[in-house]
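These are the residues of each chain, in order.
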Amino acid sequence: MNLDKYKHFTAEEFSLDPNFKENILRSSGEHSSFLRALAQRFPEKREAITEARRLVLQMDRYYQEQKPSAEEKAAVLEEIMRRHRTKNVRKRRRVVRYWPAIAASVLALVVTVWLFRSQMSVGEDTYSTSFAEMAEYPLPDGSLVSLNANSRIRLSETWEEGAQREVWLEGEAYFKVAKKASGEAKFIVHTNGPDIEVLGTQFNVNTRQDRTLVFLEEGRIQLKNDRGDLMKVMEPGDLADYSGGTADFFANVDSGKYLLWLKGYFTTEDLTYEEVIARIEEIYGVEMQIERPELREKGFPSQLPTSNLEELLTIFENLYHVTATIEGDEKLRIR
Amino acid sequence: MEHPLQSQGRAARRKRDQELWQNYLERGEAAFSELYDSFFDRLFVYGCNIVYDETFVKDAIQEIFLKLLQRDRSTLEIKNISSYLFVALRNYLRKELYARANKRRHQDRYLETKDLVEEPDMDIRTGASIDCSEALKREIERLPKRQREILFLRFFEGLDYKEISEIMTVNHQVVRNYAYRGMKKLRSNMEGAYPLFRSWIAVLFLLFINVG
């Protein structure tokens, strides 16, 4: 067997390797030619191998202990067959009756896909997050992008050494751009508002609602309007608030507020009542239905969770003494 | 020790899954229980690594198998039955969790939120008599949801990162990172717990490698 791939393995990687695992479990304490070969080939890895072996044995035991009993297994099968037999009688008629509905949903699907595609072509080079989800993706040049909930980023096709690196963003993202030696290797973030040109830096871009907020944490970036004219070279701590072709700039702003979402929260401080509601709707993919007008006067707490719907509902309930529920998956109702 | 599930390697298991599925497509109900037999345990353990409610998981498995059984076999286009079943279970659990989060929010918070609830922090260092696997269990249950799920699919099912990324609709690089991070967390937490045990085992094992 070719062992080359194990050359740089750590204990974690060994224990995650299916081949390694299978060998450990099959030999169970006895001599394993695979392990011996591994230890001989990479003497410096013996400790890692030992530790990985221990992890594998324990993890396997953990999963084995979770397995259900034979009785449970049989009981579920029996129930499936019983229900199958009783339902079987009506099956055929039902399919026919629902034909129009089926046709309609197929149509709906096509339309949705089309709408989605027309906004931004979705291929292998597109990363996206759904509602209440955050994710971090490495880019081909070694840069890192953290995507906030309900956001999409599309990458340009070329990422070779020295080539211009370009991404298109919808939603909100935080970038840690890998610095390149040659001044040619620009990193550009396109939005539906301004374009941001970068040379090795960490910054946040938020394109939600009609404004685009750009916050620079480290390094330098150039902000260009949608006609490509340079608006400003931003310094660390600068915030640009861009809308309708113009931008307001603020220096030394509090980074905590703009990077809060990386911790799973967003700030309501600069948002109006309607904007907070729009934000919640956007993040969780729900429509808010508020039947308690006093909420407007009381205002929102300064931070709300971006990836925990349950926590959000609990906050509403505890803060305003209301009942907050999700109805039909898509409506957040407060009464 | 015999591991009924792990005794076959993943290649063999994959082949067997495929055969069972072909069999079902050809023979229908008569071949259903064999298919069910081969998947029930795996789906059950998978489900239990997503939610902490065995009854809920069993109900979910019942639903997805029933649905499969009631579909017209001639129109089924399932290339990979294990992926299909894992995805079906996953989607079902998630959908139900969402609905339940509303209804039951006040009664039981154990669903879905287990990794948010701080457990009383027992000092595992002093509990020399605690079983190792108990400690591991606790560590696994403390992992973020997705890491737990990925570890199961990778470790127990032996899927490759691409397959996992398709099941969970997460980028495969992220899957890889999560798996690594999860394992790292388990390892470092376990390490602190049993320094003595660890060195003892290490010596034994090194001996056995050298002798062998």
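Residues numbered from 1 in each chain as written. Chains lettered and ligands numbered in written order. Predicted model: local features only at pLDDT ≥ 70, side-chain atom pairs only at ≥ 80, totals over all residues. Heavy atoms only, no water.

Trainee: Any chance you could explain the overall build of chain B here in plain terms?
Mentor: Each helix and strand counted, chain B has nine helices and zero strands in total. Start at the N end of chain B and walk to the C end: the helices and strands fall as α-α-α-α-α-α-α-α-α. Classification of the 212 residues of chain B by burial places 51% in the buried group. Within the structure as shown, chain B displays about 10,500 Å² of accessible surface, and the carbon and sulfur contribution to it stands at 51%. (Helix = DSSP H or I, 4+ residues; strand = E, 2+ residues; numbered from the N terminus. Buried < 20%, exposed > 50% of the residue type's maximum accessible area, 1.4 Å probe, protein only. Areas by Shrake-Rupley, 256 points an atom, 1.4 Å probe, with all protein chains shown as cover.)

Trainee: Would you explain the overall build of chain A in this entry?
Mentor: Of the regular secondary structure elements, chain A holds ten helices and 19 strands. Expressed as a percentage of the 335 residues in chain A, the buried residues total 47%. Within chain A, residue pairs in contact and separated by at least 24 positions form 46% of the contacts whose partners lie at least 6 positions apart. When the accessible surface of chain A is summed, it comes to about 17,100 Å², and 50% of that surface belongs to carbon and sulfur atoms. (Contact = heavy atoms within 4.5 Å.)

Trainee: Even after reading the chapter, I still don't get unusual backbone geometry, so can you show me in this structure?
Mentor: A negative phi angle is the norm for most residues apart from glycine, just as the trans form is the norm for most peptide bonds. All names here are of chain A. Notably, Asn-252 is not glycine yet its phi reads approximately 50 degrees, a positive angle. Within the secondary structure, Asn-252 is located in the loop between strand S14 (246-250) and helix H7 (255-258). For His-321, which is not glycine, the phi dihedral falls at a positive 55 degrees. The topology assignment puts His-321 in the loop between helix H10 (309-320) and strand S18 (324-327).

Trainee: Please clarify how the nonpolar core should be interpreted in this entry.
Mentor: The nonpolar side chains of a soluble globular protein tend to be buried, and buried together. Phe-20, Leu-38, Phe-175 and Phe-203 of chain A together with Phe-65 of chain B are the most contacted members of the largest nonpolar core, which has 107 residues in total. The biggest single contributor to this core is helix H2 (residues 32-48) of chain B, with ten residues. Judged by nonpolar contacts, the second largest core, of 23 residues, contains Val-276, Ile-277, Tyr-284 and Phe-316 of chain A. (Core = buried A, V, L, I, M, F, W, Y, C linked by side-chain atoms within 4.5 Å.)

Trainee: Explain the confidence of the model for chain B to me, please; I cannot follow it from the model alone.
Mentor: For residues with low pLDDT, the predicted coordinates do not support detailed interpretation. All names here are of chain B. The predicted model of chain B has a mean per-residue pLDDT of 76, with 70% of residues at 70 or higher. Ranking the elements of chain B by mean pLDDT puts helix H9 (residues 195-211) last with 56 and H2 first with 93. Residue range residues 1-7 is modelled with pLDDT below 50. Its contacts to residues more than four positions away, or to other chains, number 18 contacts. Considering only residues more than four positions removed or in separate chains, one finds that residues 106-130, a stretch of pLDDT under 50, has 36 contacts. (pLDDT = per-residue confidence, 0-100.)

Trainee: Explain the sheet that holds strand S16 (residues 287-290) of chain A to me, please; I cannot follow it from the model alone.
Mentor: Paired through their backbone hydrogen bonds, the strands of a sheet run either parallel or antiparallel. All names here are of chain A. Here three strands make up an open sheet; going across it, the order is S16-S19-S18 and the pairing mixed. This sheet does not close on itself; its edge strands, each paired only once, are S16 and S18. With strand direction ignored, the average angle separating the axes of adjacent strands in the sheet is 25 degrees. With four bridges connecting them, S16 and strand S19 (residues 331-334) associate as parallel partners. Considered in S19, the bridge of Ile-290 is made with Ile-334. In the packing of helix H8 (residues 273-284) onto the sheet, contacts are made with S16 and S19, and the angle to S16 comes to roughly 135 degrees. Strands in contact with H10 are S16, S18 and S19; relative to S18, the strand with the most contacts, it is inclined by about 140 degrees. (Pairing = 2+ DSSP bridges. Axes fitted to C-alpha atoms, helices over the stretch in contact; angles between N-to-C directions.)

Trainee: Looking at this structure, I do not really get helix H7 (residues 161-168) of chain B. What am I missing?
Mentor: Think of an α-helix as turning once every 3.6 residues; residues three or four places apart then point the same way. Residues and elements named next belong to chain B. Most of H7 is tucked away: six of the eight residues are buried. Along H7, the residues classified as buried are Tyr-161, Glu-163, Ile-164, Ser-165, Ile-167 and Met-168. Thr-169 occupies a position one or two residues after H7 and carries a positive phi of about 45 degrees.

Trainee: Got a minute to help me understand the confidence of the model for chain A in this structure?
Mentor: Mean pLDDT over chain A stands at 78; residues scoring 70 or higher make up 84%. Counted against residues more than four places away or in other chains, residues 89-124 of chain A, with its pLDDT under 50, gives 13 contacts.

Trainee: I would appreciate a short explanation of the pairing of strand S13 (residues 239-243) of chain A in the present structure.
Mentor: Looking along a regular strand, one sees side chains alternate from face to face of the sheet. All names here are of chain A. Among the five residues of S13, four are classified as buried, and the element is accordingly described as predominantly covered. Relative to S14, S13 is paired through five bridges, and the arrangement is antiparallel. Along S14, the bridge assignment pairs Leu-239 with Phe-250. Counting the residues in the hairpin turn of S13 and S14 gives two residues, including Gly-244, whose phi is positive at 55 degrees.

Trainee: How should I be thinking about the environment of Glu-161 of chain A in this particular structure?
Mentor: Structurally, the position occupied by Glu-161 of chain A is in the loop between strand S4 (152-155) and strand S5 (165-170). Considered as a pair, Glu-161 of chain A and Ala-185 of chain A are 24 residues apart in the sequence and their alpha carbons are 7.7 Å apart.

Trainee: Even after reading the chapter, I still don't get the packing of helix H2 (residues 18-27) of chain A against helix H4 (residues 46-66) of chain A, so can you show me in this structure?
Mentor: Helix packing geometry: the angle between the two helix axes and the distance between the axes. Residues and elements named next belong to chain A. Packing of H2 against H4 brings their axes to within 10 Å, and their N-to-C directions diverge by 75 degrees. On the basis of their axis angle, the class for H2 and H4 is roughly perpendicular. Residues Phe-20, Lys-21, Ile-24 and Leu-25 of H2 form the contact with H4, whose own contacting residues are Ile-49, Ala-52, Arg-53, Val-56, Leu-57 and Asp-60. The residue makeup of the contact of H2 with H4, split by class, is seven nonpolar, no polar and three charged. (Parallel < 35°, antiparallel > 145°, perpendicular 65-115°, else oblique. Nonpolar A, V, L, I, M, F, W, Y, C, P; charged D, E, K, R; others polar.)

Trainee: Teacher, can you tell me more about the pairing of strand S12 (residues 230-234) of chain A here?
Mentor: All names here are of chain A. As paired elements, strand S11 (residues 221-224) and S12 share four bridges and run antiparallel to each other. Paired with Lys-224 across the two strands is Leu-230, which belongs to S12. As consecutive antiparallel partners, S11 and S12 are separated by five residues, and within that stretch Gly-228 has a phi angle of approximately 95 degrees, a positive value.

Trainee: What's the story with the sheet that holds strand S9 (residues 202-206) of chain A in this structure? I'm lost.
Mentor: Residues and elements named next belong to chain A. On the basis of which strands lie adjacent, the open sheet formed by seven strands has the order S2-S3-S6-S9-S10-S13-S14 and antiparallel pairing. Only two strands of the sheet have a single neighbouring strand rather than two, namely strand S2 (135-138) and S14. The mean angle between the axes of side-by-side strands here comes to 15 degrees, regardless of whether they run parallel or antiparallel. When strand S10 (residues 212-218) meets S13, the two strands line up antiparallel, connected through four bridges. When the sheet's bridge partners are listed, Thr-212 is paired in S13 with Tyr-242.

Trainee: How should the pattern of salt bridges be read in this particular structure?
Mentor: Side-chain pairs of opposite charge can arise whenever the charged atoms involved come near each other. Counted according to the given criterion, the structure contains 27 salt bridges over all chains. Of the charged contacts, one joins Asp-229 of chain A and Arg-227 of chain A as a salt bridge, the two residues approaching to 3.5 Å between their closest N and O atoms. Residue classification places Arg-227 of chain A among the exposed positions, given a relative accessible area of 63%. Salt-bridge contacts for Lys-15 of chain B lead to Glu-19 of chain B; the nearest nitrogen and oxygen are separated by 3.6 Å. Separated by four residues within a single helix, Lys-15 of chain B and Glu-19 of chain B lie in helix H1 (residues 10-27), roughly one turn from each other. Counted as one network, the salt bridges with shared partners bring together Glu-291, Glu-327, Arg-333 and Arg-335 of chain A. (Salt bridge = Lys/Arg side-chain N within 4 Å of Asp/Glu carboxyl O.)

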